[in-house]
Amino acid sequence: MLNLNFHPAGRHFLQIPGPSPVPDRLLRAMSYPTIDHRGPEFGALGRQVLAGIRRIFRTQHPVVIYPASGTGAWEAALANTLSPGDAVLMFETGHFATLWNRMALRLGLQPEFLRYEGTDPHLPEAPGWRHGVQAGQIEERLRRDPQHAIKAVCVVHNETSTGVTSDIAAVRRAIDAAGHPALLMVDTISGLASADYRHDEWGVDVTVSGSQKGLMLPPGISFNALSPKAVAASKTATLPRSFWAWDEIIEMNRTGYWPYTPNTNLLYALSEAIAMIEAEGLEQVFARHQRLAAACRAAVQAWGLEVQCADPAVYSPVLTGVLLPQGVDADKVREAVYRHFNMSLGAGLGKVKGRMFRIGHLGECNDLSLVAALGGCEMGLKLAGVRLRESGTLAALEHLGRTAARQDRG
Ligand code: PLP
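Residues numbered from 1 in each chain as written. Predicted model: local features only at pLDDT ≥ 70, side-chain atom pairs only at ≥ 80, totals over all residues. Heavy atoms only, no water.

Attention now goes to helix H4 (residues 95–106). Taking 1.5 Å of rise per residue, 12 residues should cover 16 Å, and H4 covers 17 Å from first to last C-alpha, within 8% of that figure. For H4, the complete set of buried residues consists of His95, Ala97, Trp100, Asn101, Met103 and Ala104. Just downstream of H4, Gly108 is the residue with a positive phi angle, here 90°. (Helix = DSSP H or I, 4+ residues; strand = E, 2+ residues; numbered from the N terminus. Expected span 1.5 Å × (residues − 1). Buried < 20%, exposed > 50% of the residue type's maximum accessible area, 1.4 Å probe, protein only.)

Before going further, it helps to spend a moment on the packing of helix H10 (residues 282–303) against helix H12 (residues 367–383). Relative to each other, H10 and H12 sit at 20°, their axes nearing to 11 Å. Classed by the angle they form, the pair H10 and H12 counts as roughly parallel. When you trace H10 past H12, the crossing you get is right-handed. Between H10 and H12, the contacting residues are Arg291, Leu292, Ala295, Cys296, Ala299 and Trp303 on the first element and Asp367, Leu370, Leu374, Cys377, Glu378 and Leu381 on the second. (Axes fitted to C-alpha atoms, helices over the stretch in contact; angles between N-to-C directions. Parallel < 35°, antiparallel > 145°, perpendicular 65-115°, else oblique. Left-handed = near helix turned anticlockwise from the far one by under 90°. Contact = heavy atoms within 4.5 Å.)

Let us now look at the packing of aromatic side chains. Within the structure shown, the criterion is met by 10 aromatic pairs. Here Tyr32 and Tyr268 contribute two aromatic rings whose centre-to-centre distance is 5.6 Å and whose plane-to-plane angle is 55°, an arrangement assigned as tilted. Separated by 236 residues along the polypeptide, Tyr32 in the loop between helix H1 (24–30) and helix H2 (40–57) and Tyr268 in helix H9 (residues 264–280) bring together distant segments of the chain. Taking the relative accessible area as the measure of exposure, Tyr268 reaches 11% and is therefore buried. Residues Trp74 and Trp100 carry aromatic rings whose centres are separated by 5.8 Å and whose planes lie at 10° to one another, so their mutual orientation is stacked. Residue Trp74 is located in helix H3 (residues 70–81), and its partner Trp100 is located in helix H4; the two are separated by 26 residues in the primary sequence. Residues Trp74 and Trp100 agree in their burial class; the two are buried. (Phe/Tyr/Trp six-rings, centres within 6.5 Å; stacked < 30°, edge-to-face > 60°.)

Time to look at the side chain of Ser227. Note that Ser227 resides in the loop between strand S10 (222–226) and helix H7 (228–236). With relative accessibility at 8%, the residue Ser227 sits in the buried group. Within the structure, Ser227 has its side chain in polar contact with the side chain of Asp205 (distance 2.7 Å). Here Ser227 is in contact with His199, Val204 and Asp205, once residues within four sequence places are set aside. (Polar contact = N/O pair within 3.5 Å; in protein donor to acceptor, adjacent residues only side chain to side chain.)

Our focus in this paragraph is H12. In an α-helix, one turn spans 3.6 residues, which is why side chains three or four residues apart end up on the same side. Its 17 residues give H12 an end-to-end C-alpha distance of 24 Å, which sits within 8% of 24 Å, the value for a rise of 1.5 Å per residue. Of all 17 residues in H12, 12 are buried; the element is thus mostly enclosed. Looking at the packing, one finds that the buried side of H12 touches strand S1 (13–15), H10, helix H11 (330–341), strand S13 (343–347), strand S14 (356–360) and helix H13 (392–402).

All residues in the neighbourhood of the ligand are listed as Ser69, Gly70, Thr71, Trp74, Phe96, Asn158, Thr160, Asp187, Ile189, Gln212 and Lys213. Between the ligand and the protein, one listed contact pairs an oxygen atom with a side-chain N or O atom of Thr160 at 2.5 Å. Measuring from a nitrogen atom of the ligand, one finds a side-chain N or O atom of Asp187 at 2.6 Å. Alone, the ligand offers 390 Å² of accessible surface; in the complex the protein occludes 86% of this. If you tally residues by element for the shell around the ligand, the top one is H3, at three residues. (Near = heavy atom within 4 Å. Areas by Shrake-Rupley, 256 points an atom, 1.4 Å probe, with all protein chains shown as cover.)

This paragraph deals with the pattern of salt bridges. Think of it this way: side chains of opposite charge can pair up when their charged atoms draw near. Applying the stated criterion across every chain, the model contains 26 salt bridges. A salt bridge links Arg11 to Asp24; its shortest N-O distance comes to 2.9 Å. Taken together, the residues span a long stretch of sequence, with Arg11 in the segment before S1 and Asp24 in helix H1 at a distance of 13 residues. One continuous salt-bridge network, built from bridges that share partners, spans Arg58, Asp196, Arg198, Glu201 and Glu283. (Salt bridge = Lys/Arg side-chain N within 4 Å of Asp/Glu carboxyl O.)

Attention shifts here to the nonpolar core. The biggest cluster of nonpolar side chains holds 68 residues, and the ones touching the most others in it are Ile53, Ile65, Tyr66, Trp100, Met185, Leu215 and Leu270. The element that contributes the greatest number of residues to this core is H9, accounting for nine residues. Setting aside its immediate chain neighbours within four residues, Leu215 contacts Leu26, Ile53, Ile56, Leu192, Ala193, Gly210, Phe223, Leu270, Ala273 and Ile277. (Core = buried A, V, L, I, M, F, W, Y, C linked by side-chain atoms within 4.5 Å.)

So this is what it looks like as structure tokens:
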């Protein structure tokens with residue numbers, strides 16, 4: 001039998017940028033009995049979550065819910081709207097943008113991967129992984145496509161591998177300024193319900209997201225939020241698709257059902273998560289994330305280390321990447337933190353493996369859990385022999401104390 005009872009006293013600190021800690025309230029909701037997915041109660045649940053999730057994406061249009069991880073919803077976005085050999089413009093912001101680009105290749109598309117053109121003394125091997133999407137480069141490239149061969153622009157909103165966001169409204173403006181009809185597809189798998197996101201207002205055609213980040217659910221649900229233009233594109237697109245096909249799902253969703261067996265118990269949790277987020281208020285949820293992120297950056301700066309994101313305009317409210325000095329193995333720090341303080345931190349992925357670690361401060365996170373997490377990081381850094389300028393934990397305490405907000409309600 002699987003032994004999950006390996007933690008010492010106290011809760012494990014799951015400070016990776018997703019899966020994020022699942023609140024007890026959601027775990028309890030998931031423990032309700034599984035019901036008949038063709039019965040009347042299920043239809044009511046389905047209609048409720050489908051309406052609620054639109055409010056979270058801030059869209060009036062359909063949101064398709066898949067029983068899959070985020071990677072599945074990436075594939076769904078491409079397979080529903082594009083045809084073999086279509087040119088697609090993508091931007092290398094980090095590991096997840098790279099994986100989406102690889103998926104496009106494997107599906108038989110022709111992705112073109114734009115890159116940040118600057119240099120960086122702290123991360124010469126991947127300077128672009130410290131910046132967001134450069135909308136100007138997208139506009140310039142689209143202007144050089146008068147025949148409109150490029151069918152879609154695909155970007156990552158919150159690059160979970162780096163802690164850098166991208167200005168999606170600016171990408172929309174770039175596409176419009178070039179007068180180009182390409183679809184805009186955005187991955188906000190780790191941004192939804194943590195970072196400000198507006199599917200309709202920003203003119204996004206397909207938004208891809210997942211359950212295990214800001215929504216605070218376990219992994220296992222992912223989303224495609226659509227625009228009418230995306231739905232129209234799906235009528236003529238010819239990439240093969242069956243399980244991912246929007247048409248049958250949208251049709252059955254009208255009455256709250258799915259064409260296959262949905263993951264009922266995760267939908268209970270989704271319904272509860274939407275209620276929790278709306279009780280706090282979406283704007284307050286975003287403000288809480290911004291404030292915690294600022295406190296976390298204050299800690300990193302006090303330690304005398306570099307925040308991975310080099311552009312303050314696009315600091316992620318969801319996670320903070322911590323770049324370590326050349327020669328220090330970031331995985332040793334994570335290992336020390338795990339072994340001694342029962343806390344998981346995000347690893348450096350792909351090009352930044354061993355160069356940085358990531359602190360998640362998303363979802364079920366508050367002042368005191370962040371302070372504890374930073375305390376663990378600080379002790380782990382010292383155990384791994386990293387010289388720190390001063391206490392980052394104290395700097396974060398200062399920040400949080402100065403900006404403290406009343407938490408009582410009602
Ligand atoms: N895109 C981003 C930005 C992510 O953070 C992740 C996962 O962390 C993915 C895509 C892939 O999602 P999943 O691992 O749920 O398939």
